[in-house]
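# Observations on the three-dimensional arrangement
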Amino acid sequence: MYRSHTCGELRATHTNTEVTLSGWVQGVRDKGFMVYVDLRDRYGITQLYFDEEQTAKDILEKSQKLGREFVIQVKGKVQERASKNPNIPTGEIEVLVSELVILNGSKTPPFTIEDKTDGGDDLRMKYRYLDIRRNPVKESLIFRHKVAQAVRNYLSNEGFIEVETPYLIKSTPEGARDFVVPSRMNEGQFYALPQSPQTFKQLLMVGGMDKYFQIVKCFRDEDLRADRQPEFTQIDCEMAFVEQEDILNTFEGLTRHLLKEINGVEVDKFPRMLYDDAMRLYGNDKPDIRFGMEFGELNAVAQHKDFNVFNSAELVVGIAVPGGNTYTRKEIDKLIDWVKRPQVGALGMVYCRCNDDGTYKSSVDKFYNQDDLAKWAEVTGAKAGDLICVLSGETNKVRAQLSALRMELAERLGLRKPDEFAPLWVMDFPLLEWDEDTERYHAMHHPFTSPKPGQLELLDAKPGEVKANAYDLVLNGNEIGGGSIRIHDKATQAIMLKHLGFSEEEARAQFGFLMDAFEYGAPPHGGIAFGLDRLVAILGGQETIRDFIAFPKNNSGRDVMIDAPAPIDDEQLTELSLKLNLKS
Ligand code: ASP
């Protein structure tokens with residue numbers, strides 16, 4: 001038996017008990033005639049004690065040779081400590097060691113296994129198994145487990161069945177690039193890894209499973225923007241015989257359950273916002289509504305003066321920064337530089353100070369008098385002491401730019417509090433989205449999303465205006481889930497695929513199996529998928545998902561620990577009937 005107790009378990013009530021412990025050496029304090037060792041495992045740290053008078057000589061000597069991260073087993077008697085440590089749960093006791101076995105030695109670890117480590121990111125990822133021994137990472141993984149467990153409990157209680165779907169499939173339509181896997185047995189043919197189990201969960205509905213969920217890996221070969229992973233985990237869900245309202249209620253229930261269970265937070269009914277309103281008020285389809293700073297559109301009050309920059313703009317829009325009038329000229333200049341950075345891309349920024357005495361001072365005083373500026377304040381909701389920041393230009397671009405500024409300012413003002421939770425539904429997304437690169441419409445959600453009732457006819461005349469039966473769940477400025485009511489008849493699906501530029505043959509080749517299934521009594525159905533990694537990070541009060549993933553990839557999609565991806569040898573290539581044609 002390696003241990004009778006864990007390293008986090010012993011208390012003063014165990015005094016005089018004979019115990020066996022196993023774990024890692026966190027540190028050794030050698031005072032010559034007595035030695036203290038901190039022994040660590042997942043559950044905590046227990047102090048081991050050796051001294052000249054009570055410990056056999058060979059054991060005392062052995063203890064003096066222990067190094068950091070050695071794996072040891074000890075037997076001994078629990079005793080009260082002379083000086084207690086109130087900071088750790090085992091701080092009242094120590095174990096007076098009578099037997100010591102070194103189960104395994106350890107090289108000196110490349111970074112300290114402490115909460116605040118001296119190891120940089122790359123080093124920690126290369127030795128992730130050591131990183132996982134550190135409390136912050138360990139706690140994050142345990143936290144993730146708790147969230148996943150709470151999800152499973154809730155959904156099982158609601159009658160959902162967890163069904164596994166295959167990983168070796170063919171292209172799924174979430175709009176990213178596929179990861180492909182060559183098939184040895186089918187020369188020249190490839191599987192694609194699922195971008196999501198979308199088509200399978202719909203087939204499970206045709207199969208009568210009624211309520212499905214799965215905590216499942218999804219794979220998307222996208223350029224890795226900050227904090228994305230090429231493989232990530234979804235809580236994937238689908239329900240039959242449901243309308244949008246049923247889905248919203250069910251998954252609002254799940255989210256509320258998680259917030260209560262995990263964070264002890266009760267939230268009211270989630271507000272619902274139309275996509276168009278989210279874009280108009282926040283410039284963003286995933287608004288952070290923990291704070292205000294809503295957009296005020298200023299065209300009516302700022303155009304038709306002599307300021308050509310505004311006159312020629314499609315949209316003039318501003319926000320009121322609470323207390324922003326305290327910013328110095330230099331600070332405002334810095335803000336202007338910030339919006340002009342290529343990542344944001346604004347050409348400039350007009351501002352207006354709202355003075356405490358009720359007067360205004362703007363950077364465009366030449367063109368606007370006090371009455372004009374008072375209207376700006378009214379539209380943006382600015383009060384005395386605030387600063388109005390105004391951007392102008394092409395609607396979509398300007399909205400994105402001002403949204404970036406809003407988030408940045410809120411961050412600086414401390415308005416994005418990690419322990420505050422403000423969920424909302426964003427609804428009625430456009431069905432199609434114009435893609436500048438390929439110059440055609442793409443499904444904004446995916447091709448199986450149904451248009452709002454009565455809008456199918458609009459598809460020919462005004463494809464960009466058709467709204468979808470699609471919804472996103474947004475939490476604190478992040479999309480944590482998204483889904484839709486699906487098309488469940490072959491004719492509508494065919495029309496949709498035609499509009500997405502699929503010829504009949506292409507549609508047949510790629511999605512024939514689904515279209516066929518729709519001919520065998522497909523029930524009305526719909527669903528949603530949550531991004532588990534991000535959800536866990538947000539519930540954990542963090543912005544980055546990496547620490548909640550045991551073995552994450554870096555920004556180039558590499559696993560630096562196992563050094564993947566990696567070349568394969570010629571023999572394997574031949575077996576797969578592959579020949580390389582490398583660009584470099
Ligand atoms: N499959 C979709 C996605 O991954 C979610 C859904 O429509 O249920 O975004």
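Residues numbered from 1 in each chain as written. Predicted model: local features only at pLDDT ≥ 70, side-chain atom pairs only at ≥ 80, totals over all residues. Heavy atoms only, no water.

Attention now moves to the side chain of Thr6. Along the chain, the position of Thr6 falls in the segment before strand E1 (18-30). A residue is classified by how much of its surface remains accessible, and Thr6, at 16% relative accessible area, is buried. Aside from chain neighbours lying at most four places away, what touches Thr6 is Leu21, Asp41 and Tyr43. (Helix = DSSP H or I, 4+ residues; strand = E, 2+ residues; numbered from the N terminus. Buried < 20%, exposed > 50% of the residue type's maximum accessible area, 1.4 Å probe, protein only. Contact = heavy atoms within 4.5 Å.)

Turning to a nonpolar patch on the surface, a few remarks are in order. A cluster of nonpolar residues, Tyr2, Val101 and Leu103, forms a patch on the protein surface that exposes about 280 Å² of accessible area. With respect to the helices, strands and loops of the structure, Tyr2 is situated in the segment before E1. (Patch = residues over 30% accessible without salt bridge, like charges linked within 9 Å, V, L, I, M, F, W, Y side chains within 5 Å. Areas by Shrake-Rupley, 256 points an atom, 1.4 Å probe, with all protein chains shown as cover. Salt bridge = Lys/Arg side-chain N within 4 Å of Asp/Glu carboxyl O.)

Okay, the sheet that holds strand E9 (residues 211-219) next. Strand order in the open sheet formed by eight strands is E6-E9-E10-E22-E21-E20-E17-E11, and the pairing between neighbours is mixed. Looking at the sheet topology across the chains shown, the edges are occupied by strand E6 (161-162) and strand E11 (272-274). When E11 meets strand E17 (residues 423-427), the two strands line up parallel, connected through three bridges. By the bridge assignment for E17, Met273 is matched with Val426. (Pairing = 2+ DSSP bridges.)

Let us now look at the UniProt feature "binding site: ATP" (unreviewed entry) in the protein. Per the UniProt annotation, the sites labelled "binding site: ATP" (unreviewed entry) are Arg220, Asp221, Glu222, Gln229, Glu479, Gly531, Leu532, Asp533 and Arg534. Checked against the element boundaries, Gln229 lands in the loop between E9 and strand E10 (231-240). Beyond its immediate stretch of four places on either side in the chain, Gln229 contacts Leu224, Ile545, Arg546, Ile549, Pro552 and Lys553. Relative to the elements of secondary structure, Glu479 occurs in strand E21 (residues 478-485). With a relative accessible area of 42%, Glu479 lands in the partly exposed category. The residues touching Glu479, leaving out its near neighbours within four places in the chain, are Lys286, Asp472, Leu473 and Val474. (UniProt positions renumbered as here; feature names shortened; annotations may be inferred.)

Looking at the element boundaries, Ala404 is found in helix H12 (residues 395-412). For the pair Ala404 and Asn308, spaced 96 residues apart in sequence, the C-alpha separation works out to 24 Å. Once residues lying within four places of it in the same chain are set aside, the contact partners of Ala404 are Trp338 and Val344.

Quick look at the domain arrangement of the protein now. As assigned here, the protein comprises domain 1 (12-104), domain 2 (138-272 + 424-548) and domain 3 (291-416). If you average the C-alpha positions of domain 1 and of domain 3, the two centres end up 63 Å apart. (Domains from an automatic or database assignment.)

Taken together, the neighbourhood of the ligand is formed by 14 residues, with Glu174, Gln198, Lys201, His445 and Arg486 sitting nearest. Within the contact set of the ligand, an oxygen atom lies 2.8 Å away from a side-chain nitrogen or oxygen of His445. Here an oxygen atom of the ligand sits 3.5 Å away from a polar atom, N or O, in the main chain of Ile528. Here the ligand, which alone exposes 270 Å², has 92% of that area covered by the protein. Those elements giving two or more residues to the shell around the ligand turn out to be helix H5 (198-206), E21 and strand E22 (525-531). With three residues, the top contributor of residues to the shell around the ligand is E22. A class-by-class count of the residues in the shell around the ligand yields two nonpolar, eight polar and four charged. (Near = heavy atom within 4 Å. Polar contact = N/O pair within 3.5 Å; in protein donor to acceptor, adjacent residues only side chain to side chain. Nonpolar A, V, L, I, M, F, W, Y, C, P; charged D, E, K, R; others polar.)

Our focus in this paragraph is the UniProt feature "binding site: L-aspartate" (unreviewed entry) in the protein. Sites flagged by UniProt as "binding site: L-aspartate" (unreviewed entry) map to Glu174, Arg220, His445 and Arg486. Counting through the fold element by element, Arg220 comes out in the loop between E9 and E10. Those residues in contact with Arg220 that sit more than four places away from it in its chain are Glu174, Ala176, Arg177, Phe179, Gln195, Ser196, Pro230, Phe232 and Gln234. At a separation of 3.0 Å, a polar atom in the side chain of Arg220 contacts the main-chain carbonyl oxygen of Gln195. Along the chain, Arg486 turns up in the loop between E21 and helix H14 (490-499). The class of Arg486 is buried, set by a relative accessible area of 3%. Here His446 takes part through its side chain, which lies 3.3 Å from a polar atom of the side chain of Arg486.

The end-to-end C-alpha separation of helix H15 (residues 504-517) is 17 Å, well short of the 20 Å expected for 14 residues at 1.5 Å each. Of all the bends in H15, the largest measures some 85° and sits at Phe511. Contacts from the buried residues of H15 go to H5 and H14. (Expected span 1.5 Å × (residues − 1). Bend = angle between axes of the 7 residues up to and from the residue.)

Bringing the sheet that holds strand E13 (residues 315-321) into the picture now. If you walk across this open sheet you meet the five strands as E12-E13-E16-E14-E15, and the pairing is antiparallel. For this open sheet the edge positions go to strand E12 (296-297) and strand E15 (360-362), each flanked by a neighbour on one side alone. Both strand E14 (residues 350-354) and strand E16 (residues 387-393) contribute to a ladder of four bridges, which runs antiparallel. In the sheet register, Val350 faces E16, and the bridge partner there is Val390. Sheet strands in contact with helix H10 (residues 329-340) are E14 and E16, and its direction is about 145° off that of E14. Along the sheet, helix H11 (residues 370-380) contacts E12, E13, E14, E15 and E16; its crossing angle with E15, the most-contacted strand, is approximately 95°. (Axes fitted to C-alpha atoms, helices over the stretch in contact; angles between N-to-C directions.)

So, on to the packing of aromatic side chains. With the rule as written, the count across this model stands at 17 aromatic pairs. Judged by centre distance (6.0 Å) and plane angle (50°), the ring pair of Phe251 and Phe530 falls under tilted. You can see Phe251 sitting in helix H6 (residues 244-263) and its partner Phe530 sitting in strand E22, a full 279 residues away along the chain. For the pair shown, Phe251 and Phe530 are each scored as buried. Here Phe310 and Tyr368 contribute two aromatic rings whose centre-to-centre distance is 6.3 Å and whose plane-to-plane angle is 45°, an arrangement assigned as tilted. Linking Phe310 in helix H9 (residues 308-311) with Tyr368 in the loop between E15 and H11, this pair joins segments that are 58 residues apart in sequence. Across this residue pair, the class does not change: Phe310 and Tyr368 are buried. (Phe/Tyr/Trp six-rings, centres within 6.5 Å; stacked < 30°, edge-to-face > 60°.)

Under the definition given, this model contains zero disulfides. Considering cysteine sulfurs only, Cys218 is the nearest to Cys237, which forms no disulfide, with 11 Å between them. For Cys237, a relative accessible area of 0% gives the class buried. With no disulfide partner, Cys389 has as its closest neighbouring cysteine sulfur the one in Cys354, 10.0 Å distant. Given the relative accessible area of 0%, Cys389 is considered buried. (Disulfide = S-S within 2.5 Å.)

In this section: unusual backbone geometry. As a rule of thumb, non-glycine residues mostly have phi less than zero, and peptide bonds are mostly trans rather than cis. With an omega of 0°, the peptide bond between Ala564 and Pro565 qualifies as cis. Looking at the element boundaries, Pro565 is found in the loop between helix H16 (532-539) and helix H17 (570-575). Although it is not a glycine, Phe241 sits at a positive phi angle of roughly 55°. One can find Phe241 in the loop between E10 and H6.

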